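Coordinate analysis (summary)
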Amino acid sequence: MESSVLLIMSFDRFVAICNPLRYTSILTSARVLQIGLAFALKNVLLILPFPVTLKRLRYCKKNLLSHSYCLHQDVMKLACSDNKFNAIYGLFVALSGILDITCIFLSYALILRAVLGIASQRERLKVLSTCVSHISAVLIFYVPVISLSVVSRFAKHSPPITKILMADIFLLVPPVMNPIIYCVKSQQIRNVILEKLCQKQK
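Criteria and cut-off values
Residues numbered from 1 in each chain as written. Predicted model: local features only at pLDDT ≥ 70, side-chain atom pairs only at ≥ 80, totals over all residues. Heavy atoms only, no water. Helix = DSSP H or I, 4+ residues; strand = E, 2+ residues; numbered from the N terminus. Buried < 20%, exposed > 50% of the residue type's maximum accessible area, 1.4 Å probe, protein only. Phe/Tyr/Trp six-rings, centres within 6.5 Å; stacked < 30°, edge-to-face > 60°. Axes fitted to C-alpha atoms, helices over the stretch in contact; angles between N-to-C directions. Parallel < 35°, antiparallel > 145°, perpendicular 65-115°, else oblique. Left-handed = near helix turned anticlockwise from the far one by under 90°. Contact = heavy atoms within 4.5 Å. Nonpolar A, V, L, I, M, F, W, Y, C, P; charged D, E, K, R; others polar. UniProt positions renumbered as here; feature names shortened; annotations may be inferred. Polar contact = N/O pair within 3.5 Å; in protein donor to acceptor, adjacent residues only side chain to side chain. Salt bridge = Lys/Arg side-chain N within 4 Å of Asp/Glu carboxyl O.

Section: the overall build of the protein
For the protein, the helix and strand inventory stands at 10 helices and 0 strands. Counting from the amino terminus, the protein carries its helices and strands in the arrangement α-α-α-α-α-α-α-α-α-α. Taken over the C-alpha atoms alone, the protein extends approximately 65 × 50 × 30 Å along its principal axes. Buried residues in the protein amount to 26% of all 202 residues.

Structure (structure tokens):
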């Protein structure tokens, strides 16, 4: 769901920068609602089979998870019965996430091309500064996800605490950091924070 939200936000930035005069006619309230509902439905339909397919598996006596929450791959490994379908379906869901990040990358490539076409360097920086918060949110979400996947796949002999910490970072860091990222960009909020800090120093 978060991956889809980041994709929708990148599309919003693309329209705002590459087609600013038609922004309100392209992204009407009704269209934004339709896009949001379509992505929400897509994600619910993608995730819904996970608990159903996990429930039909037969599990051994071992019930110790290697993460502090129920990660699909982790629960799947505890099964004694054939879990090939779960593995294939999990890969399919992961590929849909890769499609999201590919579209985000493509939208920023088009934004960069449009920005480089602006003659004034000051205007270029001004336009790019509107994307900083979103790019930071994308990095904060995808870097832990990719790192966790790499460690789970290639560092199988790493200490268990490494995987647990990385999984917890993936779970907790994005929701904690997102409000900070977007608040820092807001001039009014930034001024209030600086005012409070100055009062404490006095």
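Some remarks on the packing of aromatic side chains
The tally for this structure, following the rule as stated, stands at 5 aromatic pairs. Note on Phe50 and Tyr89: the rings are 5.4 Å apart at their centroids and 70° apart in plane angle, and the pair reads as edge-to-face. Taken together, the residues Phe50 in helix 4 (residues 49-55) and Tyr89 in helix 6 (residues 84-116) connect sequence positions 39 residues apart. Note on accessibility: Phe50 and Tyr89 belong to one class, buried. With a centroid separation of 6.3 Å and 50° between ring planes, the pair formed by Phe141 and Phe170 is classed as tilted. With a gap of 29 residues between them, Phe141 in helix 8 (residues 132-154) and Phe170 in helix 9 (residues 160-185) connect regions that are remote in the sequence. Phe170 gets classed as partly exposed once you look at its relative accessible area, which sits at 22%. Taken together, the aromatic side chains of Phe50, Phe85, Tyr89 and Phe92 make up a single cluster linked through ring pairs.

Topic: the packing of helix 1 (residues 2-18) against helix 3 (residues 29-47)
Two numbers describe how helix 1 lies on helix 3: the axes approach to 10 Å, and their chain directions differ by 155°. It follows that helix 1 is roughly antiparallel to helix 3 by the angle criterion. Once helix 1 is placed against helix 3, the crossing between them reads as right-handed. Residue-level inspection shows Ser4, Leu7 and Ile8 of helix 1 in contact with helix 3, the latter providing Ile35, Phe39, Lys42 and Asn43. A breakdown of the residues in the contact of helix 1 with helix 3 according to their chemical character gives 4 nonpolar, 2 polar and 1 charged.

Side note on the UniProt feature "transmembrane region" (unreviewed entry) in the protein
The sites that carry the UniProt feature "transmembrane region" (unreviewed entry) are, in the present numbering, residues 32-54, 87-112, 132-152 and 164-182. Within the segment residues 87-112, helix and strand shares are 100% and 0% respectively, and the terminal C-alpha atoms sit 37 Å apart.

Focus: the side chain of Thr53
Position of Thr53 among the secondary structure elements: in helix 4. From its side chain, Thr53 meets the backbone oxygen of Phe50 in a polar contact 3.0 Å long. A distance of 3.1 Å separates polar atoms of two side chains, one belonging to Thr53 and the other to Asn86. Not counting the four nearest positions on each side in its chain, Thr53 is found in contact with Phe85 and Asn86.

Let's talk about the pattern of salt bridges
Applying the stated criterion to the full structure yields 2 salt bridges. In this structure, Arg13 engages Asp12 in a salt bridge whose closest nitrogen and oxygen atoms are separated by 3.3 Å. Asp100 serves as the salt-bridge partner of Lys42, at 3.9 Å between the closest nitrogen and oxygen. Pair noted here: Lys42 is in helix 3 and Asp100 is in helix 6, with a separation of 58 residues, a long-range link. Taking the relative accessible area as the measure of exposure, Asp100 reaches 5% and is therefore buried.

What about the packing of helix 1 against helix 6?
Packing of helix 1 against helix 6 brings their axes to within 9 Å, and their N-to-C directions diverge by 15°. When the axes of helix 1 and helix 6 are compared, the pair comes out roughly parallel. For the pair helix 1 and helix 6, the crossing hand works out as left-handed. Contacts from Ser3, Ser4, Leu6, Leu7, Ser10, Arg13, Phe14, Ile17 and Cys18 of helix 1 reach helix 6 at Gly97, Asp100, Cys103, Ile104, Ser107, Tyr108, Leu110, Ile111, Ala114 and Val115. Counted by class, the contact of helix 1 with helix 6 contains 12 nonpolar, 5 polar and 2 charged residues.

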